[in-house]
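Single-letter residue listing:
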Amino acid sequence: MSEETLSFQAEVSKLLDIVVHSLYSDRQIFLRELISNASDACDKLRYEGLTEPALLEGDATFRIRLSVDKEASTLTIADNGIGMSRQELVDNLGTIARSGTQAFAEAVKARQADDKADLSLIGQFGVGFYSSFMVADRVDVVTRRAGDAHGWRWTSGGSGTFSIAEAPEATRGAAITLHLREDAHEFLDEHRLRTIVRTYSDHIAIPVEFVGHDENGTPTLETVNEASALWTRPRDTITEEQYTAFYRHVAHGMDAPWHTVHFRAEGVMEYTGLLFIPQERPFDLFTPERKPRLKLYVNRVFITDDCEALLPSYLRFVRGVVDSSDLPLNVSREMLQEDPRLRKVRSGLTRRLLDEMARRARDNEEDYLTFWTQFGAVLKEGIYEDFERKDEILRLARFRTTASTTPVSLETIAGRMKEGQKALYYITGDDADALARSPQVEGFLARGIEVLLLTDPIDEFWVSAVPTVHDKPLKPVAAAGADLDALPLTEPETAEEAQERAPTDQEQLDRLIAALRATLGKDVADVRASSRLTDSPVCLVAKEGSLSPHLRKLLSQANQSTDLPDDRVLEINPRHGLIRALAKRCAEAPADDARLQDAAHLLMDQARILEGDAPADPVAFARRLTAALASAVS
Ligand SMILES: Nc1ncnc2c1ncn2[C@@H]1O[C@H](COP(=O)(O)OP(=O)(O)OP(=O)(O)O)[C@@H](O)[C@H]1O
């Protein structure tokens with residue numbers, strides 16, 4: 001077949017355009033990405049060779065080779081791994097956009113503020129191969145898939161198209177040749193290359209060999225890396241730098257891990273775990289798949305990094321490796337998901353990770369909060385999903401409250417409850433600052449009662465699974481009802497305040513409530529007086545037992561349920577001057593008094609606005625507001 005030219009998929013093209021035309025810091029990471037791909041390719045063949053030994057073609061000694069040609073200004077990274085068929089070559093390196101392609105392009109754009117794009121995270125997005133174009137103006141990939149008779153050559157300058165032709169010279173595996181850009185000739189320097197390999201790929205379990213020449217020009221081979229699986233080495237022989245380098249390899253990150261745990265589990269199931277909690281959120285933390293990304297090895301043979309059974313999804317931010325000698329090597333990836341032995345591993349890993357988090361929280365709360373801020377929203381999913389460990393996760397959880405902008409534990413909050421306080425109260429919404437100022441919490445603030453401010457979408461779900469905390473009921477502020485009446489105000493009222501806040505005459509209040517109900521009709525589920533309010537005249541609360549307004553909003557944003565009835569209750573403050581005045585007018589005015597009706601709608605719209613909603617009818621709202629202002633001014 002003669003050479004064929006194909007176009008990159010549009011998103012890939014866009015990504016390449018950014019890679020080719022940006023200036024970067026850390027561009028040496030291209031080598032880490034290519035070595036990492038080469039090592040994955042060897043791992044894949046080793047795994048496939050277990051069930052199909054013919055694929056190994058009699059050669060199961062895997063290696064990665066680096067060589068430079070100074071005259072041609074090329075650097076080649078060659079492996080004897082699985083290789084790619086023609087179709088795989090076309091799909092993997094050009095026509096199928098991986099899920100991270102667009103996400104990566106966007107992330108780079110967002111970070112381009114200082115003119116130097118940070119492309120170091122490219123591998124995290126599953127598009128590491130394209131980092132070759134940071135240093136090369138042409139890339140050739142010569143490859144033969146294990147077991148295939150023919151090989152192929154892929155070549156591209158990184159703009160718009162790539163070509164594919166037959167390559168009879170291809171050996172098993174893949175050889176990536178980079179034609180280095182004028183400004184990237186530093187990567188022809190052997191010393192520099194060795195340093196990079198040692199920094200980034202020392203722990204790769206497959207030897208990375210450097211092809212040099214002796215003084216007679218005869219080729220020499222030198223292994224540059226340690227080439228033993230890091231997790232199999234004793235802990236006290238591994239330096240922190242080595243752990244960090246390994247973490248960067250598995251997480252494709254540039255940060256250092258926030259926590260590293262390296263252990264050997266013995267007992268019913270024997271396995272080694274080397275797990276990391278990152279410092280920064282990976283980009284796909286909140287994608288719908290919610291997949292954990294641990295790498296599973298059996299006796300140092302890589303099996304999969306797509307094993308949902310290995311960790312609960314609320315720990316999906318954890319990266320690392322699990323290697324067990326007690327799992328069968330030839331087990332299929334699908335069977336693994338159901339394997340009871342794996343369930344034991346999962347439970348052991350979860351136990352250990354939660355224990356480690358608790359320990360870090362005990363040791364240094366401030367430092368623990370850096371972790372919590374990044375991953376708390378994910379960990380909290382466990383309160384809802386992992387019944388067995390619900391209480392443990394609740395102990396790890398930290399919350400912002402009306403009394404504390406620094407998140408605190410439930411234990412702390414429970415420990416400073418007021419005498420006579422019957423429950424722990426919470427409010428849900430999007431923005432903690434707005435919630436802290438919401439009329440709904442006024443009555444709590446006036447009584448010195450701390451309210452939890454819950455702003456993660458998951459909060460709406462777990463609260464329903466947790467009826468009590470530290471033996472106290474956990475209640476939404478909307479359900480506080482009579483609890484508040486029973487508690488005293490923090491500061492006794494002055495005589496002046498008492499007069500200002502004199503309660504509305506009960507009979508007049510009842511008439512006002514009836515009038516509001518009649519005017520607002522179906523806009524509200526009910527109208528009632530409340531002690532929740534101190535400074536504001538009105539607020540909207542959810543009817544007891546119904547969806548909270550925040551959850552209703554989340555569901556309608558997710559398009560899950562747009563036709564949920566709005567059954568919010570309008571609460572009015574009988575001790576507010578405006579309510580007193582309206583009640584008085586209501587007692588004297590005819591039932592269809594236009595001003596009273598306008599006031600009812602304005603109050604309702606005001607309550608809506610405070611909940612972050614728009615007025616029901618903006619034009620009518622504006623007209624009523626103008627009329628009210630005009631009459632106040634004149
Ligand atoms: N040396 C290689 N041998 C065989 N296949 C390769 C090689 N390099 C890349 N590939 C194929 O090309 C695909 C794309 O590589 P790329 O580095 O862009 O992403 P990735 O390696 O899949 O991402 P991740 O690093 O997250 O696994 C790989 O998944 C693999 O199938």
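Structure: see above.
Read on for a plain summary of the structure. Predicted model, so just to flag it, every value in this text is computed and none were measured.

Rules used throughout
Residues numbered from 1 in each chain as written. Predicted model: local features only at pLDDT ≥ 70, side-chain atom pairs only at ≥ 80, totals over all residues. Heavy atoms only, no water. Helix = DSSP H or I, 4+ residues; strand = E, 2+ residues; numbered from the N terminus. Expected span 1.5 Å × (residues − 1). Contact = heavy atoms within 4.5 Å. Near = heavy atom within 4 Å. Polar contact = N/O pair within 3.5 Å; in protein donor to acceptor, adjacent residues only side chain to side chain. Areas by Shrake-Rupley, 256 points an atom, 1.4 Å probe, with all protein chains shown as cover. Buried < 20%, exposed > 50% of the residue type's maximum accessible area, 1.4 Å probe, protein only. Salt bridge = Lys/Arg side-chain N within 4 Å of Asp/Glu carboxyl O. Phe/Tyr/Trp six-rings, centres within 6.5 Å; stacked < 30°, edge-to-face > 60°. Lys NZ or Arg CZ within 6 Å of the ring centre and 35° of its normal. Axes fitted to C-alpha atoms, helices over the stretch in contact; angles between N-to-C directions. Parallel < 35°, antiparallel > 145°, perpendicular 65-115°, else oblique. Nonpolar A, V, L, I, M, F, W, Y, C, P; charged D, E, K, R; others polar. Pairing = 2+ DSSP bridges.

### Thoughts on helix α20 (residues 577-588)
Along its 12 residues, α20 runs 17 Å from first to last C-alpha, staying within 8% of the 16 Å computed at 1.5 Å per residue. The inward-facing, buried residues of α20 abut α18 (506-520), β24 (538-542), β25 (568-572) and α21 (594-610).

### Topic: the site of the ligand
The full set close to the ligand counts 16 residues, and Asn 37, Asp 79, Arg 98, Gly 126 and Phe 129 are the nearest of them. Between the ligand and the protein, one listed contact pairs an oxygen atom with a backbone N or O atom of Gly 128 at 3.3 Å. Protein contact buries 85% of the 600 Å² of open area that the ligand shows by itself. Considering every element that reaches the shell around the ligand, the biggest residue donor is helix α2 (residues 29-51), with three residues.

### Some points on the environment of Leu 336
If you trace the backbone, Leu 336 turns up in helix α7 (residues 333-338). On the basis of relative accessible area, Leu 336 is assigned to the buried category, the value being 1%. Once the C-alpha coordinates of Leu 336 and Thr 304 are considered, the two residues, 32 residues apart in sequence, prove to be 9.9 Å apart.

### Side note on the environment of Pro 234
Residue placement: Pro 234 occurs in the loop between β11 (219-223) and α6 (240-251). In this structure the C-alpha to C-alpha distance between Pro 234 and Leu 15, which are 219 residues apart in sequence, comes to 41 Å.

### Some remarks on the pattern of salt bridges
Summed over all chains, the structure comprises 43 salt bridges. The salt bridge partner of Arg 351 is Glu 392, with a shortest N-O separation of 2.6 Å. Here the residue Arg 351 occupies a position in helix α8 (residues 340-363), and Glu 392 occupies one in helix α11 (residues 390-396), the gap between them amounting to 41 residues. On the accessibility criterion, Arg 351 (35% relative accessible area) is partly exposed. Where Glu 571 meets Arg 528, a salt bridge forms, and the shortest distance between an N and an O atom there is 2.9 Å. In this pair, Glu 571 is assigned in strand β25 and Arg 528 in strand β23 (residues 526-529), connecting sequence segments 43 residues apart.

### Quick word on the packing of aromatic side chains
One pass over the full model with this rule turns up 20 aromatic pairs. With a centroid separation of 6.2 Å and an interplanar angle of 50°, the aromatic rings of Phe 246 and Phe 276 are classed as tilted. Taken together, the positions of Phe 246 in helix α6 and Phe 276 in strand β13 (residues 271-277) put the pair 30 residues apart, joining distant regions of the chain. The buried category is assigned to Phe 246, whose relative accessible area is 3%. Summarising the aromatic geometry, the rings of Trp 258 and Phe 371 are spaced 4.8 Å apart at their centres and angled 15° between planes, so their arrangement reads as stacked. On the criterion of sequence distance, the pair formed by Trp 258 in the loop between α6 and β12 (259-265) and Phe 371 in helix α9 (residues 365-379) is long-range, its members being 113 residues apart. Each member of the pair, Trp 258 as well as Phe 371, carries the same accessibility label: buried. Site record: aromatic cluster; members linked through ring pairs are Trp 231, Phe 246, Tyr 247, Phe 276, Tyr 297 and Phe 302. Its end group placed over the ring of Trp 258, Arg 360 keeps NZ or CZ at 3.9 Å from the ring centre.

### Considering the packing of α18 against α20
With their axes 8 Å apart at the nearest point, α18 and α20 run at an angle of 85° to one another. Taken together, the axes of α18 and α20 are roughly perpendicular relative to one another. Of the residues in α20, those in contact with Gln 508, Leu 509, Arg 511, Leu 512 and Ala 515 of α18 are Ile 579, Leu 582, Ala 583, Lys 584, Cys 586 and Ala 587. A class-by-class count of the residues in the contact of α18 with α20 yields eight nonpolar, one polar and two charged.

### Things to note about the sheet that holds strand β7 (residues 152-156)
Pairing in this open sheet of nine strands is mixed, and the strands run β1-β8-β7-β6-β9-β4-β3-β10-β11 from one edge to the other. Edge positions in the open sheet fall to β1 (4-7) and β11, since each of these has one partner strand only. Across the sheet, the mean angle from the axis of one strand to that of its neighbour is 20°, orientation sign disregarded. Of the strand pairs in this sheet, strand β3 (residues 64-69) and strand β4 (residues 74-79) are connected by six bridges, and their pairing is antiparallel. The residue of β4 that forms the bridge with Val 68 is Leu 75. Lying on the sheet, α2 is in contact with β3, β4, β9 (173-180) and β10 (208-213); it crosses β4 at an angle near 25°. Each of β1, β6 (136-144), β7 and β8 (161-166) touches helix α3 (residues 86-95); the most contacted strand, β8, lies at about 165° to it.

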